[in-house]
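Spelled out, the chains give:
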Amino acid sequence: MNQDHVPAANAIDNLIQELNKLPGIGPKSAQRLTYYLLRAPDEQTRLLAEAILSIKQKISLCSTCFNVTDADPCLICRSDRRDRTQICVVEQPQDILALEHTGIYKGLYHVLHGAISPTEGVGANDVRIKELTNRLQEGTVNEVILGTNPNLEGEQTAMYLNHLIAPLGIRVTRLARGLPFGTELEYADDTTLTRAIEGRQEF
Ligand SMILES: [Zn+2]
């Protein structure tokens, strides 16, 4: 048996295992990507490895809206072209990407980093709800658009937020009405999302 073969195979197995942990990458894809990278130019694999490391080293959360950012506050919170009277509440940073892609929403955002889910033991204090109500205390916001996912957890979270925000005299609307139930915002197409923003209803 070739002694040199063992560590090389381990390195290959390691990468296959790590890639296999990523969402949407099954064992077959992990294997295909690994052998692709093995044949790819050194420069390409180095850039990939650096890009992966730098999202952990350089990206943090905006201290205002909790979107991912490389500068605090983030570009959206800093912009003077955004409507500061509206906040759209979403579950994940990638939901902002989807909404921004439509180009129709000009307000601010707030990322909860999750949704309330009693079955999974996620309560109101486990997501960024307190930070949202703190922002609302400033008094500049007159509409909160609930953009949580149109599924069970998203609806529960929207209901909880409505109970919390409506008594403050702030208009509460629900973005996801019209989006098919059980979907996630980040996978909705531009047309559906645009309709959901334009056709948002009072909660
Ligand atoms: Zn921000």
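Residues numbered from 1 in each chain as written. Predicted model: local features only at pLDDT ≥ 70, side-chain atom pairs only at ≥ 80, totals over all residues. Heavy atoms only, no water.

### Digging into the layout of surface pockets
Left-over empty space is what a probe sized like a water molecule reveals as it rolls over the atoms.
1) Next: The calculated volume of the largest pocket comes to roughly 340 Å³.
2) Next: If you trace the largest pocket, you find 15 residues lining it, with Asn67, Val68, Thr69, Pro93 and Leu97 closest to the centre.
3) Next: Looking at the lining of the largest pocket, the elements that each hand over two or more residues are β2 (68-69), α4 (75-78) and α5 (93-102).
4) Next: The leading source of residues in the lining of the largest pocket is α5, at five residues. (1 Å grid on protein atoms, 1.4 Å probe; cavity = no way out; pocket = protein on both sides within 12 Å on 5 of 7 lines; lining within 4 Å. Points joined across faces, edges and corners; volume = space filled by probe spheres on them. Helix = DSSP H or I, 4+ residues; strand = E, 2+ residues; numbered from the N terminus.)

### Notes on the confidence of the model for the protein
1) Next: This prediction gives the protein a mean pLDDT of 92; 95% of its residues lie at or above 70.
2) Next: Of all helices and strands in the protein, the one with the weakest mean pLDDT is helix α1 (residues 5-20) (82), whereas strand β4 (residues 107-111) scores best (98). (pLDDT = per-residue confidence, 0-100.)

### Focus: the pattern of salt bridges
It is possible for side chains of opposite charge to pair when their charged atoms get near one another.
1) Next: Inspection of the entire model under this criterion finds nine salt bridges.
2) Next: Across the pair Glu143 and Arg171 runs a salt bridge, and its minimum N-O distance is 3.5 Å. Highlighted residues: Glu143 in strand β5 (residues 143-146) and Arg171 in strand β6 (residues 171-174), separated in sequence by 28 residues.
3) Next: Looking at Arg171, the relative accessible area reads 36%, which means it is partly exposed.
4) Next: The closest approach of N and O atoms between Glu155 and Arg174, which form a salt bridge, is 3.1 Å. Of this pair, Glu155 sits in helix α7 (residues 152-165) while Arg174 sits in strand β6, and the two are 19 residues apart along the sequence.
5) Next: One salt-bridge network, in which partners are shared between bridges, spans Glu143, Arg171, Arg200 and Glu202. (Salt bridge = Lys/Arg side-chain N within 4 Å of Asp/Glu carboxyl O. Buried < 20%, exposed > 50% of the residue type's maximum accessible area, 1.4 Å probe, protein only.)

### Digging into the environment of Glu202
1) Next: Locating Glu202 in the fold gives a position in strand β7 (residues 201-202).
2) Next: Its relative accessible area of 45% is what places Glu202 among the partly exposed residues.
3) Next: Of note is the side chain of Glu202, whose polar atom sits 2.7 Å from the side chain of Arg171. (Polar contact = N/O pair within 3.5 Å; in protein donor to acceptor, adjacent residues only side chain to side chain.)

### A few points about the sheet that holds β6
Strands in a sheet are paired, the pairing made by backbone hydrogen bonds, and the direction either parallel or antiparallel.
1) Next: The mixed open sheet is built from five strands, whose spatial order is β4-β3-β5-β6-β7. Lying at the two open borders of the sheet, with one neighbouring strand each, are β4 and β7.
2) Next: Running over the sheet, helix α6 (residues 129-137) touches β3 (83-90), β4 and β5 and is turned about 150° from β4.
3) Next: Strand contacts of α7: β3, β5 and β6, with the helix running at about 170° to β6, the strand carrying the most contacts. (Pairing = 2+ DSSP bridges. Contact = heavy atoms within 4.5 Å. Axes fitted to C-alpha atoms, helices over the stretch in contact; angles between N-to-C directions.)

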